[in-house]
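# Breakdown of the fold
Here's the letter readout for the chains.
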Amino acid sequence: LAGLRAAFDLPTKLIYLNGNSLGPLTKAARARVEEVLRLQWGEGLVSSWNRHQWIELPRSCGEKVAALIGAAPGQVICCDSISINLFKVLAASLQLRPERDLILSTTDNFPTDLYAGQGLNQLLGEGRCRFEVVESTELLDHLDDSVAAIMLSHVDYRSGRLADIGAWTRQAHEIGALAIWDLAHSAGVLPVQLDRWQVDFAVGCGYKYLNGGPGAPAFVYCARRHHGVLNQPLYGWMGHRAAFDFQPVYEPAHGPASFQTGTPPILSMAALDAALGLFEGVDMDAVAAKARALAEFFLQEVEARVALRDLRLESPADADERGAQLAFSHPEAYAICRGMAADSVIFDYRPPRILRLGFSPLFLSFEDVASAASKLDKFLAQQTYREARFRRHQVVP
Ligand SMILES: Cc1ncc(COP(=O)(O)O)c(C=O)c1O
């Protein structure tokens, strides 16, 4: 995979361990967006909806994502954000299980996932939608015949802990519930087999491991068996069966196309489409193996360097139990993150004291990891994080 590094437009000296938050710019996306601006929008204007297949992009990007997440064609569409897509998926799930009212999730799930459940509960009221959040260790005890759907993350955004999608989906199905998965931290870096695992719905980000750019469109997977009966409530013309017939009454398109609501953001969609091209011919097992080897290598460095022993591993120590990231706690995590950025090493900080390192295998090398460990070692040994300039909080940490 080392050759793929050249496909990215990363600043030369930067060591970027944050591709799990925002994937870097690819040369293909840069060229595509320039082309879209100059030729497609600049010259082609409205004709580009047809001539440059803008109207097809949500579907064609969806197919590229489908190939990465074990989905046969016709089940994935790119649109909106995870937050919005989850709202649609949760509402659709309740409609597929009209006799049930409970959506279950876990306390460690990403906040926006929990907010989507809370928002739907607020809209529909307790009689139609209850939303409960339980400890992940207690989820099994809460599975009963009132559960319409479980909504979980494949990889815990903080600790990196990996959930067994196949096993939890089976558990959900055994009690007649649906299984909804958030693949934000696995799509594009781990092998995912949604069809084989019989997942009902899944959502994921375009801007993390897929490198689609800041605020890139997200994706929704909807298993084929639900097509035709599916009904998501955010009706809009792009989800209509025949958008350009301009009919006054909404009739949903078949399958995932009905998850679209308004006009797709073409500049973002074009960047995502170009970035997805990088995965062509790339074996996801090899990608996951390299992510794992990079993380294991970093852990060895942590063991070997005295100053790094103050970092407490908050991810599972067993590589089989985690995704492509490592989380460490340290009382000065925030200042470390800021200070290392000043030395061209980009980590991520999650409150209250977590340093998060993402091992994106398409552009990171083992040399990058060794260099990051060595710089961090020096930074901690010299307690550089005590400098006031690293302690001032920014709006986005
Ligand atoms: C697990 C998870 N889900 C959802 C989101 C947010 O998704 P979006 O910004 O597309 O709504 C994030 C963002 O980091 C995330 O980590």
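Scroll up for the structure.
Here the structure is a predicted model, which is why all the values come from computation and not from measurement. (Residues numbered from 1 in each chain as written. Predicted model: local features only at pLDDT ≥ 70, side-chain atom pairs only at ≥ 80, totals over all residues. Heavy atoms only, no water.)

## Remarks on empty space enclosed by the protein
Summary: where empty space remains is shown by rolling a probe the size of a single water molecule over the atoms. A complete count under the given rule lists one cavity of 30 Å³ or more for this structure. Here the largest cavity defines a volume of roughly 50 Å³. Residue lining of the largest cavity: F8, G19, G188, K208, Y209, N211, F279, S360, P361, L362 and F363, and that is the complete set. By residue class, the composition of the lining of the largest cavity is six nonpolar, four polar and one charged. (1 Å grid on protein atoms, 1.4 Å probe; cavity = no way out; pocket = protein on both sides within 12 Å on 5 of 7 lines; lining within 4 Å. Points joined across faces, edges and corners; volume = space filled by probe spheres on them. Nonpolar A, V, L, I, M, F, W, Y, C, P; charged D, E, K, R; others polar.)

## Overview of the sheet that holds strand β13 (residues 354-358)
With respect to topology, four strands assemble into an open sheet ordered β9-β10-β13-β12, the strand pairing being antiparallel. The open sheet has two edge strands, β9 (312-313) and β12 (348-350), and neither has a second partner. Relative to β13, β12 runs antiparallel, the two sharing three bridges. Paired with R350 across the two strands is I354, which belongs to β13. Each of β9, β10 (325-329) and β13 touches helix α8 (residues 284-304); the most contacted strand, β10, lies at about 30° to it. (Pairing = 2+ DSSP bridges. Helix = DSSP H or I, 4+ residues; strand = E, 2+ residues; numbered from the N terminus. Contact = heavy atoms within 4.5 Å. Axes fitted to C-alpha atoms, helices over the stretch in contact; angles between N-to-C directions.)

## A look at the pairing of β13
Judged by how many residues are buried, β13 sits mostly within the fold: five of five residues are covered. Burial along β13 is two-sided: I354, R356 and G358 facing one way and L355 and L357 facing the other are all buried. In this sheet, β13 lies alongside β10 in antiparallel orientation, the contact comprising five bridges. From the neighbouring strand, A327 faces β13, where its bridge partner is R356. (Buried < 20%, exposed > 50% of the residue type's maximum accessible area, 1.4 Å probe, protein only.)

## Some thoughts on the site of the ligand
Neighbouring the ligand are the residues S81, I82, S83, F110, T112, D113, Y157, D182, A184, H185, Y207 and K208. Measuring from an oxygen atom of the ligand, one finds a side-chain N or O atom of S83 at 2.4 Å. Within the side chain of D182, an N or O atom sits 2.6 Å from a nitrogen atom of the ligand. Broken down by secondary-structure element, the contributors of at least two residues to the shell around the ligand are α4 (82-96) and α5 (111-124). Considering only residue class, the shell around the ligand consists of five nonpolar, four polar and three charged. (Near = heavy atom within 4 Å. Polar contact = N/O pair within 3.5 Å; in protein donor to acceptor, adjacent residues only side chain to side chain.)

## Brief notes about the pattern of salt bridges
Within the structure shown, the criterion is met by 22 salt bridges. Taking the shortest distance from any N to any O, the salt bridge between D368 and R5 comes out at 3.0 Å. With a gap of 363 residues between them, D368 in helix α10 (residues 366-381) and R5 in the segment before β1 (15-16) connect regions that are remote in the sequence. For R5, a relative accessible area of 26% translates into the label partly exposed. A salt bridge links R100 to E99; its shortest N-O distance comes to 3.8 Å. Residues joined by salt bridges that share partners form a network here, namely R32, K64 and D273. (Salt bridge = Lys/Arg side-chain N within 4 Å of Asp/Glu carboxyl O.)

## Observations concerning the sheet that holds strand β2 (residues 76-78)
Pairing is mixed in the open sheet, where seven strands are placed in the order β2-β8-β7-β6-β5-β3-β4. Strands with a single pairing partner mark the edges of an open sheet, and in this sheet they are β2 and β4 (130-134). On average, each strand axis in the sheet is inclined to that of its neighbour by 20°, with strand direction left out of account. Sheet topology note: the strand β5 (residues 147-153)/strand β6 (residues 178-182) ladder contains five bridges and is parallel. Each residue of the ladder has a partner; that of A149, found in β6, is L178. Sheet contacts for α5: β3 (102-106), β4, β5 and β6; angle to β4, the most-contacted strand, approximately 150°.

## Let's talk about helix α7 (residues 266-276)
Burial analysis of α7 places nine of its 11 residues in the buried class, the great majority of the element. When α7 is considered as a whole, its buried residues turn out to be I266, M269, A270, A271, L272, D273, A274, A275 and L276. Those residues of α7 hidden inside the fold are in contact with α1 (27-41), α2 (48-51), α3 (57-68) and β2.

## Overview of a nonpolar patch on the surface
Together, L37, W41, L45, V46 and L267 line one region of the surface with nonpolar side chains, adding up to about 490 Å² of accessible area. Of note, V46 is situated in the loop between α1 and α2. (Patch = residues over 30% accessible without salt bridge, like charges linked within 9 Å, V, L, I, M, F, W, Y side chains within 5 Å. Areas by Shrake-Rupley, 256 points an atom, 1.4 Å probe, with all protein chains shown as cover.)

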